[in-house]
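Descriptive analysis of the structure
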Amino acid sequence: MRIIKLNAIDSTNLFLRSLSIDTNVEDFTVVVAKHQTKGRGQMGTVWSSQDAKNLTFSVFKRLVNLKLDQHFVISMVASLAVINTLKKLNLPKLSVKWPNDILSANKKICGILIENVIKQNNVSATVVGIGLNVNQVNFSNLPQASSLLNVTGISYDLDELLQSILKELEILFDLVESNHFKTIKTTYESYLFRKDKPSTFKNEEGLFSGFIKGVSNEGLLEVLLEDNILKTFDLKTIKLLY
Ligand code: BTN
């Protein structure tokens, strides 16, 4: 494992992606930055984070024989690495809002951005970007967001948290390499936010209700609709409201 610590960068994900194109990057290279000028979120959003208060880092991981249609295992592994770390710190009510927002007490405390390198229908490598809100207090423009400090009243050491998440990531990626997909999926599903609870969703046709049952192997959300039909949805077509 190689850890590169930077004061400022556009985005740790972008940094590792360009590094991996230009050079022969060592497996499990980690880039952590105190400040990102172009922090990136899912679906083209911006990730903002108060300087040096939170963890913003990315991990470059090579993968062997991971088929493109198995890519969701990376999302599950990244989510579980954060969950397992936070569980040890007794964070209350931990859940994963599909696909990979980490919530504590129903507030988002961590976002994950995964960018894969695809070669001949395989995911040959991935960049896992993690933004964990740790010691930031003010989230005035983001009512759904919170931090470890806000949830527990305790300040945390960023480096200790980073080490713990990296260790969990190593363990979980070893499980991927030994094909323990089922265990990973079952554990991930046990943390799914609003699982088996009546929920409201939005798609291009409007609002509808249903019960989240799990995820498919490809990472689609499985929802039991009111007419008792199980349907799968992908991230681009559905939004979970509450
Ligand atoms: C989201 O919830 O929308 C995903 C946010 C991911 C943010 C992290 S911070 C480190 C890494 N670098 C980025 O530019 N984004 C990810």
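Residues numbered from 1 in each chain as written. Predicted model: local features only at pLDDT ≥ 70, side-chain atom pairs only at ≥ 80, totals over all residues. Heavy atoms only, no water.

1. Considerations on the sheet that holds strand E8 (residues 198-203)
Spatially, the 5 strands line up as an open sheet ordered E11-E10-E9-E8-E12, and their pairing is antiparallel. With one partner strand each, in any of the chains shown, strand E11 (230-233) and strand E12 (239-240) form the two edges of the open sheet. (Pairing = 2+ DSSP bridges. Helix = DSSP H or I, 4+ residues; strand = E, 2+ residues; numbered from the N terminus.)

2. Some details on the pairing of strand E6 (residues 107-119)
For a regular strand, side chains alternate in direction, first toward one face of the sheet and then toward the other. Pairing geometry for strand E5 (residues 101-104) and E6, over 3 bridges, is antiparallel. Residue pairing across strands places Leu 103 opposite Lys 108, the latter belonging to E6. Counting the residues between successive antiparallel strands, the hairpin from E5 to E6 contains 2 residues, one of them, Ala 105, with a positive phi of roughly 50°. As judged from the 10 bridges shared by E6 and strand E7 (residues 122-132), these two strands associate in the antiparallel manner. If you follow Leu 113 over to E7, its bridge partner there is Gly 129. What sits between E6 and E7 in their antiparallel hairpin is a turn of 2 residues, with Gln 120 showing a positive phi close to 45°.

3. A closer look at the sheet that holds E5
Reading across the sheet, the 7 strands line up as E1-E2-E3-E7-E6-E5-E4 and stay open at both edges, with mixed pairing between neighbours. Both edges of this open sheet fall to strand E1 (2-9) and strand E4 (94-97), since each of them pairs with a single strand only. With direction set aside, neighbouring strand axes in the sheet form an average angle of 20°. The sheet strands contacting helix H1 (residues 12-22) are E1, strand E2 (29-36), strand E3 (55-62), E6 and E7, and the helix crosses E3 at an angle near 25°. (Axes fitted to C-alpha atoms, helices over the stretch in contact; angles between N-to-C directions. Contact = heavy atoms within 4.5 Å.)

4. Structural notes on the domain arrangement of the chain
By a frequent convention, interface size equals the accessible area lost on bringing the separate parts together. When the domains of the chain are assigned, the result is domain 1 (2-190) and domain 2 (198-240). Centre-to-centre, using C-alpha coordinates, domain 1 lies 25 Å away from domain 2. Contacts between the two partners involve 11 residues from domain 1 and, on the opposite side, 14 residues from domain 2. Carbon and sulfur atoms make up 70% of the surface buried where domain 1 meets domain 2, a total of about 1000 Å² over both sides. Between domain 1 and domain 2 we count 3 residue pairs in polar contact (both at pLDDT 80 or more) in total. Per-element accounting of the side of domain 1 that touches domain 2 gives the leading share, 3 residues, to helix H5 (residues 181-190). Here the side of domain 1 that touches domain 2 is built from residues that sort into 5 nonpolar, 2 polar and 4 charged. (Domains from an automatic or database assignment. Buried area = accessible area lost by both parts, 1.4 Å probe. Polar contact = N/O pair within 3.5 Å; in protein donor to acceptor, adjacent residues only side chain to side chain. Nonpolar A, V, L, I, M, F, W, Y, C, P; charged D, E, K, R; others polar.)

5. Focus: H1
Along H1, the residues that are buried comprise Thr 12, Asn 13 and Leu 16. Summarising the axial view, the buried residues of H1 lie within an arc of 105°, below the 170-degree limit, and thus occupy one face. Every exposed residue of H1 that faces more than 90 degrees away from the buried side is listed here: Ile 21 and Asp 22. Considering only its buried residues, H1 is in contact with E1, E2, E3, E6 and E7. Capping the start of H1, Ser 11 holds a side-chain oxygen 3.2 Å from the backbone nitrogen of Asn 13, two or three residues further along. (Buried < 20%, exposed > 50% of the residue type's maximum accessible area, 1.4 Å probe, protein only. Arc of directions from axis to C-beta.)

6. Focus: the packing of aromatic side chains
Given two aromatic rings, their pairing is described by the distance between the two centres and the angle made by the two planes. Under the definition given, this model contains 3 aromatic pairs. Their ring planes at 90° and their centres at 5.6 Å tell us that Phe 72 and Tyr 188 sit as a pair that is edge-to-face. You can see Phe 72 sitting in helix H2 (residues 72-88) and its partner Tyr 188 sitting in helix H5, a full 116 residues away along the chain. Accessibility classification places Phe 72 together with Tyr 188 in one group, the buried group. Through successive ring pairs, a cluster of aromatic residues spans Phe 201, Phe 208 and Phe 233. The aromatic ring of Phe 173 is capped on one face by Lys 61, whose charged end is 5.8 Å from the ring centroid. (Phe/Tyr/Trp six-rings, centres within 6.5 Å; stacked < 30°, edge-to-face > 60°. Lys NZ or Arg CZ within 6 Å of the ring centre and 35° of its normal.)

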